Amino acid sequence: MMKKMNFMLTAALLFSVLTGGCAVSDPPYGNDNPAVTEISVQQSPSLMEKFVGIYRTEGKENGRTVLEIYRIGDTLIAEAEQEYAAYFAAELIPDNPAALSDSAAEEARFTVYAFSGFSNFGAYWEETPQITLALTDNGLSLREADGTSVEFRRDTMLDPLHIPDRYAEVLAEFSGEAYPETMCGTWTAETWGNHSIVLRMNRDGTLLWYCKTTGEPVRMHIGCGTVIREKAGTGGLLTVVTERVGYGAMPMQYTLAYELTGTGLLLLRNMEPDGLLPTEDEIALTQYTEQE
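Since we're looking at a predicted model, the values are computed, not measured. (Residues numbered from 1 in each chain as written. Predicted model: local features only at pLDDT ≥ 70, side-chain atom pairs only at ≥ 80, totals over all residues. Heavy atoms only, no water.)

## Brief notes about the overall build of the protein chain
Then step 1. Of regular secondary structure, the protein chain possesses two helices and 16 strands.
Then step 2. Scored against the burial criterion, the 292 residues of the protein chain give a buried share of 53%.
Then step 3. Taking all contacts inside the protein chain whose residues are at least 6 apart in sequence as the whole, residues at least 24 apart take part in 53%.
Then step 4. A total accessible area of about 13,600 Å² is found for the protein chain, and carbon and sulfur atoms account for 49% of it. (Helix = DSSP H or I, 4+ residues; strand = E, 2+ residues; numbered from the N terminus. Buried < 20%, exposed > 50% of the residue type's maximum accessible area, 1.4 Å probe, protein only. Contact = heavy atoms within 4.5 Å. Areas by Shrake-Rupley, 256 points an atom, 1.4 Å probe, with all protein chains shown as cover.)

## Section: a negative patch on the surface
Then step 1. There is a patch of like negative charges on the surface, built from Asp274, Glu280, Asp281 and Glu282.
Then step 2. Relative to the assigned elements, Asp281 resides in the loop between strand E15 (265–270) and strand E16 (283–287). (Patch = residues over 30% accessible without salt bridge, like charges linked within 9 Å, V, L, I, M, F, W, Y side chains within 5 Å. Salt bridge = Lys/Arg side-chain N within 4 Å of Asp/Glu carboxyl O. Lys, Arg positive; Asp, Glu negative; His and termini not counted. Charge placed at Lys NZ, Arg CZ, Asp CG, Glu CD.)

## Side note on empty space enclosed by the protein
With a probe scaled to a water molecule rolled over the atoms, the places where space remains empty come into view.
Then step 1. The tally for this structure, following the rule as stated, stands at two cavities of 30 Å³ or more.
Then step 2. The computed volume of the largest cavity comes to approximately 40 Å³.
Then step 3. If you go around the largest cavity, the residues you meet are Glu79, Ala80, Glu81, Tyr87, Leu161, His162, Gly248 and Ala249.
Then step 4. When residues of the lining of the largest cavity are assigned to their parent elements, the largest contribution, three residues, is made by strand E3 (residues 75–82).
Then step 5. Classifying every residue of the lining of the largest cavity by side-chain character gives four nonpolar, two polar and two charged.
Then step 6. Surrounding the second largest cavity, Leu199, Leu207, Trp209, Leu238, Val240, Leu256, Leu268 and Leu276 form its lining. (1 Å grid on protein atoms, 1.4 Å probe; cavity = no way out; pocket = protein on both sides within 12 Å on 5 of 7 lines; lining within 4 Å. Points joined across faces, edges and corners; volume = space filled by probe spheres on them. Nonpolar A, V, L, I, M, F, W, Y, C, P; charged D, E, K, R; others polar.)

## Some words on the side chain of His221
Then step 1. Along the chain, His221 falls in strand E12 (residues 219–230).
Then step 2. Given a relative accessible area of 3%, His221 falls into the buried group.
Then step 3. Sequence-distant contacts of His221, that is, excluding residues within four places in its chain, are made with Leu207, Leu208, Trp209, Thr242, Glu243, Arg244, Met252, Tyr254 and Leu276.

## Some remarks on the sheet that holds strand E1 (residues 53–59)
Then step 1. Pairing is antiparallel around the closed barrel formed by eight strands, whose spatial order is E1-E2-E3-E4-E5-E6-E7-E8. Shown here is a sheet whose adjacent strand axes are inclined to one another by a mean of 30 degrees, direction ignored.
Then step 2. Where strand E4 (residues 87–94) and strand E5 (residues 107–115) come together, six bridges link them in antiparallel fashion. Considered in E5, the bridge of Leu92 is made with Val112. (Pairing = 2+ DSSP bridges. Axes fitted to C-alpha atoms, helices over the stretch in contact; angles between N-to-C directions.)

## Overview of the pairing of strand E10 (residues 195–201)
Then step 1. Across the seven residues of E10, six count as buried, placing the element largely inside the fold.
Then step 2. Connecting E10 to the next strand, strand E11 (residues 206–213), in antiparallel fashion are four residues, including Gly205 with a positive phi near 95 degrees.

## A closer look at the pairing of E1
Then step 1. One ladder, built from seven bridges, connects E1 with strand E2 (residues 63–72); its direction is antiparallel. Across the sheet, residue Ile54 finds its bridge partner in E2, namely Glu68.
Then step 2. Between the antiparallel neighbours E1 and E2 lie three residues.

## Focus on the packing of aromatic side chains
To describe a pair of aromatic rings, you give the distance between the ring centres and the angle between the ring planes.
Then step 1. By the definition in use, this model includes five aromatic pairs.
Then step 2. Plain terms: the ring middles of Phe51 and Phe110 are 6.2 Å apart, the flat faces sit at 65 degrees to each other, and that makes the pair edge-to-face. Here Phe110 lies in strand E5 and Phe51 lies in helix H1 (residues 47–51), a separation of 59 residues in the sequence. We note that Phe51, like Phe110, is buried.
Then step 3. When the ring of Phe115 is compared with that of Tyr124, the centres are 6.5 Å apart and the planes differ by 80 degrees; the resulting orientation is edge-to-face.
Then step 4. Ring pairs connect the aromatic residues Tyr113, Phe115 and Tyr124, which therefore count as one cluster. (Phe/Tyr/Trp six-rings, centres within 6.5 Å; stacked < 30°, edge-to-face > 60°.)

Structure representation (structure tokens):
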């Protein structure tokens, strides 16, 4: 039986690695998760947008911890890298979602659904503690139910935990080319089965893949890609090299067949088992157009 090590969410989101146990927790959303469509942070200074960023704190036990908070639509995802300990990530589910849209609010309480690619077979950890995140002059404070708190300093000089073009030189060996112009932008498949999917493809070759499946930790990949065109330029192969949130700096390579249809859909299909898509079936994505 695998041994479960000490769990410490309290000290600066310093989740110690769990190496066993049953994953019984599941956030209270699935394919009903609203509006997982906006990738970039907009200008409206909501509390959710203010939380997004890169932070750090220092501790004797784990050394420096870098915390990065992402926003995908109405979802906040936190990821941490500990100098001496572990990589992990967490979905932060707010007690009061409306508070995150309030530009005047300064704090919000969340239930934490944590996971790591290095423990519990990548499934959710059993513990689902509640924390409060509060804005401070220098960053944010993480506070437990018992009042214990840890301060994080926002650090704009730190690199992101996942640098999107880290593996651009690797992709160059495939002799591919840039994404077609019509392929760039944000694509969604929010009600495909029990999955909510967002794909952001940028003109510089970088991309973000987000897939939330009911009952499973979010699969979020950051990296870059290249295409080999076929079918008179409307389809071909898309090869990507990414890092998955919660899995450290482990490179992952995937190849997908793609086709841009005359009706404005992007069709994707895995070209190998255990591919980037959550199914071996073809998935149709619709391009998201931000409302004025």
